[in-house]
Amino acid sequence: MELIGALATGVAVLSLLLALAPSRAQPAPGIRVRARGAYAVRVERARTSLARARLDVSPRSYLALEVASPAVLGCLGLLLSAPMGLICAAVGVLVPRWYVRLLVGSEARAAADDAPRVLRAMVSRAAAGGTYPDLFAAAAEAARHRWVRADFEEVLSRYYANEAPADALVDVRRRQAGRNLGLVYDALVALTRTHQPVSAAAEVLGSLGEATRANQAIARAAAAESRGLRMQAVMLAVVIPAMFLYLVAANGELVAPVLGTALGKYVLLPAAALLEITGIALSWRITRLEA
């Protein structure tokens, strides 16, 4: 009996310990699952960037270009030397992103010019007793930039297709590159989601219009101040490589130490290319005051 009691006690203690022990942790996701998740995140980021740049390119094609660009430029750089191949590969990684950012900046400036005009039209229509579809129609009529006009026309058409205006505004908001128009869409999303009357929209959009005009005045002043510096940076970025190419074509013996010696191929030419690229990047970043 004592042995049976001891066994029963041991089983009870073991059962209690198993019941109190923490449950087994879920296994960590495998490498394939994590890779797919990271790829999905990159695809979504690429889709947002391409939509803001107004590029009709699939995100997967853009990601493929990000892989092919450093490979192609790196192979071209290897024709000169291994250091030049590494530098060209690094430039190839950045070129697609720089191009998309350039287009996004261009769209942002164009949208910023339309933001005060669009706000005045919507405030006037709201003050006249219009509805939210009337506000969207007034904004589309006042817009001069084609993408600004197309976005408000899309919101209006989706409204007449019995889609919730807040959902349509949120979708269009994702492709807005300009800050001022982004604020306009944020205000419209908040107003439509909370079912505010159009009179409240007139007050909100009116106050937003004053801030937009002030931001636009500051941006134009900054752009005017930086335009001269940017032109100087562009001229220096073009003149120095152009002079080198001219010397190569006109007097090859003069640049032979750079292209025909180990010191030139592995030290002088890569250092010159690296300094040129760094100077262009820093000059462009410093002179981009309006951003």
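Please refer to the structure placed before this passage.
Colleague: Would you take a moment to explain the overall build of the protein for this structure?
Modeller: Along the backbone of the protein there are eleven helices and zero strands. Walking the protein from its N terminus toward its C terminus, one meets helices and strands in the order α-α-α-α-α-α-α-α-α-α-α. In the protein, buried positions account for 31% of the 291 residues. Taking as baseline every contact in the protein between residues at least 6 positions apart, the subset at least 24 positions apart corresponds to 62%. A total accessible area of about 18400 Å² is found for the protein, and carbon and sulfur atoms account for 65% of it.

Colleague: Looking at this structure, how should I read the side chain of Asp 114?
Modeller: Its place among the elements puts Asp 114 in helix H4 (residues 82-127). A polar contact is formed between the side chain of Asp 114 and the side chain of Arg 117, at a distance of 2.2 Å. Those residues in contact with Asp 114 that lie beyond four places of it in its chain are Ala 143, Arg 144, His 145 and Val 148.

Colleague: Sorry if this is basic, but what is going on with the layout of surface pockets here?
Modeller: To find leftover empty space, a probe the size of one water molecule is rolled over the atoms. Size it by volume and the second largest pocket reaches roughly 740 Å³. Met 84, Pro 241, Leu 269, Ala 273 and Glu 276 are the residues nearest the centre of the second largest pocket, which is lined by 23 residues in total. Broken down by secondary-structure element, the contributors of at least two residues to the lining of the second largest pocket are helix H3 (59-78), H4, helix H9 (198-250) and helix H11 (262-287). Residue classes in the lining of the second largest pocket are distributed as 21 nonpolar, one polar and one charged.

Colleague: What is the right way to read helix H5 (residues 132-142) from this model?
Modeller: Given 3.6 residues per helical turn, the α-helix brings residues three or four places apart onto the same face. When you tally the buried positions in H5, you get nine out of eleven residues, the bulk of the element. Taken as a whole, H5 has its buried residues at Tyr 132, Pro 133, Leu 135, Phe 136, Ala 137, Ala 138, Ala 139, Ala 140 and Ala 142.

Colleague: What am I meant to see in the nonpolar core here?
Modeller: Burial of nonpolar side chains together is a common tendency in soluble globular proteins. Within the largest apolar cluster, 31 residues are counted, with the highest numbers of intra-cluster contacts made by Met 122, Leu 135, Phe 152 and Leu 188. Listing elements by their share of this core, those giving two or more residues are H4, H5, helix H6 (146-160), helix H7 (165-173), helix H8 (179-193) and H9. For this core, the leading source of residues is H8, giving seven residues. Ala 46, Ala 53, Tyr 62 and Val 104 belong to the second-largest nonpolar core, a separate cluster that totals eight residues.

Colleague: Looking at this structure, I do not really get the packing of H4 against H5. What am I missing?
Modeller: Pairs of packed helices are described in terms of their axes, by the angle between the two and the distance that separates them. At a minimum axis separation of 8 Å, H4 and H5 run at an interaxial angle of 145°. Considering how the two elements wind past one another, H4 and H5 form a crossing that is right-handed. Of H5, the residues touching H4 (which contributes Arg 117, Val 118, Ala 121, Met 122, Arg 125 and Ala 126) are Asp 134, Leu 135, Ala 138, Ala 139, Glu 141 and Ala 142. Class assignment for the residues of the contact of H4 with H5 results in eight nonpolar, no polar and four charged.

Colleague: Help me out: how do you make sense of the packing of aromatic side chains in this one?
Modeller: For any two aromatic rings, the description comes down to two numbers: the centre-to-centre distance and the angle of the planes. Inspection of every chain in the model, using the stated rule, returns two aromatic pairs. Here the aromatic rings of Phe 152 and Tyr 185 are separated by 5.2 Å at their centres, their planes lie at 20°, and the arrangement is stacked. Of this pair, Phe 152 sits in helix H6 while Tyr 185 sits in helix H8, and the two are 33 residues apart along the sequence. Just as Phe 152 is buried, Tyr 185 falls in that class too. For the ring pair Tyr 159 and Tyr 160, a centre distance of 5.8 Å and an interplane angle of 75° mean the geometry is edge-to-face. On the accessibility criterion, Tyr 159 (31% relative accessible area) is partly exposed. Given the relative accessible area of 57%, Tyr 160 is considered exposed.

Colleague: Even after reading the chapter, I still don't get the packing of H5 against H6, so can you show me in this structure?
Modeller: Orientation of H5 relative to H6, taken along the N-to-C sense of each, is 155°, at an axis distance of 8 Å. The pairing of H5 with H6 is recorded here as roughly antiparallel in orientation. Both H5 and H6 take part in a crossing whose hand is left-handed. Only Arg 149, Phe 152, Glu 153, Val 155, Leu 156, Tyr 159 and Tyr 160 of H6 make contact with H5, whose side of the interface consists of Pro 133, Phe 136, Ala 137, Ala 139 and Ala 140. Classifying every residue of the contact of H5 with H6 gives ten nonpolar, no polar and two charged.

Rules behind the numbers
Residues numbered from 1 in each chain as written. Predicted model: local features only at pLDDT ≥ 70, side-chain atom pairs only at ≥ 80, totals over all residues. Heavy atoms only, no water. Helix = DSSP H or I, 4+ residues; strand = E, 2+ residues; numbered from the N terminus. Buried < 20%, exposed > 50% of the residue type's maximum accessible area, 1.4 Å probe, protein only. Contact = heavy atoms within 4.5 Å. Areas by Shrake-Rupley, 256 points an atom, 1.4 Å probe, with all protein chains shown as cover. Polar contact = N/O pair within 3.5 Å; in protein donor to acceptor, adjacent residues only side chain to side chain. 1 Å grid on protein atoms, 1.4 Å probe; cavity = no way out; pocket = protein on both sides within 12 Å on 5 of 7 lines; lining within 4 Å. Points joined across faces, edges and corners; volume = space filled by probe spheres on them. Nonpolar A, V, L, I, M, F, W, Y, C, P; charged D, E, K, R; others polar. Core = buried A, V, L, I, M, F, W, Y, C linked by side-chain atoms within 4.5 Å. Axes fitted to C-alpha atoms, helices over the stretch in contact; angles between N-to-C directions. Left-handed = near helix turned anticlockwise from the far one by under 90°. Phe/Tyr/Trp six-rings, centres within 6.5 Å; stacked < 30°, edge-to-face > 60°. Parallel < 35°, antiparallel > 145°, perpendicular 65-115°, else oblique.

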